[in-house]
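Spelled out, the chains give:
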Amino acid sequence: MPELKNRQFLDFEKPIKDLYDQVEILKTSAEKSKTDMGPAIASLEQRIAEIKKEINQSLTPWQRVQLSRHPDRPYTLKYINKMCTNYVELHGDRNFKDDMAMIGGFAQLDGETVMIIGQQKGINTKMRQLRNFGMANPEGYRKALRLMKLAEKFNKPIITLIDTPGAYPGMGAEERGQGEAIARNIYEMMRLTVPVICVIIGEGASGGALGIGVGDRVFMMENTWYTVISPESCSSILWRSWDKKELAAEQLKLTPTDMLNFGLVDGIIPEPLGGAHWDYDEAAEMLKQFLKPVIKELKAIPDKERCKPVSYTHLRAHETKANL
């Protein structure tokens, strides 16, 4: 977690920033005057927790989008490093090149060997350029599929961590078969015989998210979003301007609660008070403790039963229930 002086605050987090500034002033004063400021600092910290809770309870869809993009928010590698041990990253799609926007490899989650795959955005300007801002090319999705097939070969569960503004839309990506690569992943992920758990840890946009988003269980972290198009792009198409992005975010129904109500995800994973960017260790621990029983549950289901196609009648029944 970044130090306070390096931490960035969103507009609606300003009340928190003001209180933290007061805490820093009191700490500096205490050091200089050798005075005990403990009670005053504790009171301010208690107020900070209360403000975080108040903000969290009244977040708009657009504010959740902003939190999902928070520059201090942990990305895939941070979660892997905090949750797992013995992580061995695997590279390349064995066809074109190694896409740095898509990462993955074997790791141990409390002794359970898993294949963990996800998009990585980069933690600074240079790394964001190297990682292409988390927007994978076709070779990224083909690498992900190669790793999934490897996990299936060794009968290991798969965890995908989704955080992307979308698949890369450049000419080269289209020439190399971006659409086909994503479609192939969707098709193949439905046929995998090992447990697959998908978690949206940040942005879940369009086919870029779906390319590693088909699984036995799909979850969203508390301050994330999942939809076919970003609010800005939706606004530019419908209103010819980005000025309506807040309205677009509301109308797209992209929050975890919306997705859960629609039956499109299986659950919401809580985050530390104020968001995952406030405490990386706690965020990773909450995610790990959520995943462990899910892995155990899925491993207990026979492959033939778990991979059995869902009937059309079942889908219609679920749709009717959602409409009610």
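What you see is a predicted model; the values in this text were computed from it and never measured.

> Explain the environment of Glu-13 here, please?
Turning to its location among the elements, Glu-13 is positioned in the segment before α1 (14-33). Residue class for Glu-13 comes out buried when judged on its relative accessible area of 2%. For Glu-13 and Lys-52, which are 39 residues apart along the polypeptide, the C-alpha to C-alpha distance reads 8.2 Å. Not counting chain neighbours up to four residues away, the residues in contact with Glu-13 comprise Gln-8, Ile-55, Leu-67, His-70, Gly-274, His-277 and Trp-278. One polar contact links Glu-13 to His-277, side chain to side chain, over a distance of 2.9 Å.

> Before we go on, may I ask you to explain the side chain of Arg-131 in this structure?
One can find Arg-131 in the loop between α5 (125-130) and α6 (138-153). For the buried Arg-131, which has no salt bridge, the nearest side chain bearing the opposite charge is Glu-89, at an N-O separation of 4.8 Å. A polar atom in the side chain of Arg-131 sits 2.9 Å from the backbone oxygen of Met-100.

> Just to check I follow, could you spell out the layout of surface pockets for this structure?
Any space left empty among the atoms is revealed by the rolling of a water-sized probe across them. The calculated volume of the second largest pocket comes to roughly 270 Å³. Lining of the second largest pocket is provided by 14 residues; of these, Tyr-75, Lys-78, Gln-120, Gly-122 and Ile-123 occupy positions nearest its centre. Broken down by element, the lining of the second largest pocket gets its largest block of residues, 3 residues, from helix α4 (residues 76-83). Among the residues making up the lining of the second largest pocket, the classes are represented as 7 nonpolar, 3 polar and 4 charged.

> I would appreciate a short explanation of the packing of helix α10 (residues 231-239) against helix α11 (residues 245-252) in the present structure.
Describing two packed helices takes the angle between their axes plus the distance from one axis to the other. Running from amino to carboxyl end, α10 crosses α11 at an angle of 105°, the nearest separation of the two axes being 8 Å. By the angle between their axes, α10 is roughly perpendicular relative to α11. Within the contact between the two elements, α10 uses Pro-231, Glu-232, Cys-234, Ser-235 and Trp-239 and α11 uses Lys-245, Leu-247, Ala-248, Ala-249 and Leu-252. For the contact of α10 with α11, a count of residues per class yields 7 nonpolar, 1 polar and 2 charged.

> Help me out: how do you make sense of the pattern of salt bridges in this one?
Where charged atoms of side chains with opposite charge meet at close range, the side chains can pair. Considering all chains together, one arrives at 24 salt bridges under this definition. A salt bridge links Glu-152 to Lys-149; its shortest N-O distance comes to 3.9 Å. In this pair, Glu-152 and Lys-149 both sit in helix α6, 3 residues apart, roughly one turn of the helix. A relative accessible area of 35% means that Lys-149 is categorised as partly exposed.

> Can you help me understand empty space enclosed by the protein in this one?
For the structure on display, the rule yields 1 cavity of 30 Å³ or more. When its volume is computed, the largest cavity comes out at roughly 60 Å³. Surrounding the largest cavity, Phe-12, Glu-13, Ile-16, Lys-52, Ile-55, Asn-56, Leu-59, Leu-67 and Gly-274 form its lining. Here the lining of the largest cavity takes 3 residues from helix α2 (residues 38-57), the largest share from any one element.

> Any chance you could explain the packing of α1 against α2 here in plain terms?
Interaxial distance between α1 and α2 falls to 10 Å at its minimum, and their mutual angle equals 170°. One finds that α1 runs roughly antiparallel with respect to α2. For the pair α1 and α2, contact is made by Pro-15, Ile-16, Leu-19, Tyr-20, Gln-22, Val-23, Leu-26 and Lys-27 and by Ala-40, Ile-41, Leu-44, Arg-47, Ile-48, Ile-51, Lys-52 and Ile-55, respectively. When grouped by side-chain class, the residues that make up the contact of α1 with α2 number 12 nonpolar, 1 polar and 3 charged.

Cut-off values and rules
Residues numbered from 1 in each chain as written. Predicted model: local features only at pLDDT ≥ 70, side-chain atom pairs only at ≥ 80, totals over all residues. Heavy atoms only, no water. Helix = DSSP H or I, 4+ residues; strand = E, 2+ residues; numbered from the N terminus. Buried < 20%, exposed > 50% of the residue type's maximum accessible area, 1.4 Å probe, protein only. Contact = heavy atoms within 4.5 Å. Polar contact = N/O pair within 3.5 Å; in protein donor to acceptor, adjacent residues only side chain to side chain. Lys, Arg positive; Asp, Glu negative; His and termini not counted. Salt bridge = Lys/Arg side-chain N within 4 Å of Asp/Glu carboxyl O. 1 Å grid on protein atoms, 1.4 Å probe; cavity = no way out; pocket = protein on both sides within 12 Å on 5 of 7 lines; lining within 4 Å. Points joined across faces, edges and corners; volume = space filled by probe spheres on them. Nonpolar A, V, L, I, M, F, W, Y, C, P; charged D, E, K, R; others polar. Axes fitted to C-alpha atoms, helices over the stretch in contact; angles between N-to-C directions. Parallel < 35°, antiparallel > 145°, perpendicular 65-115°, else oblique.

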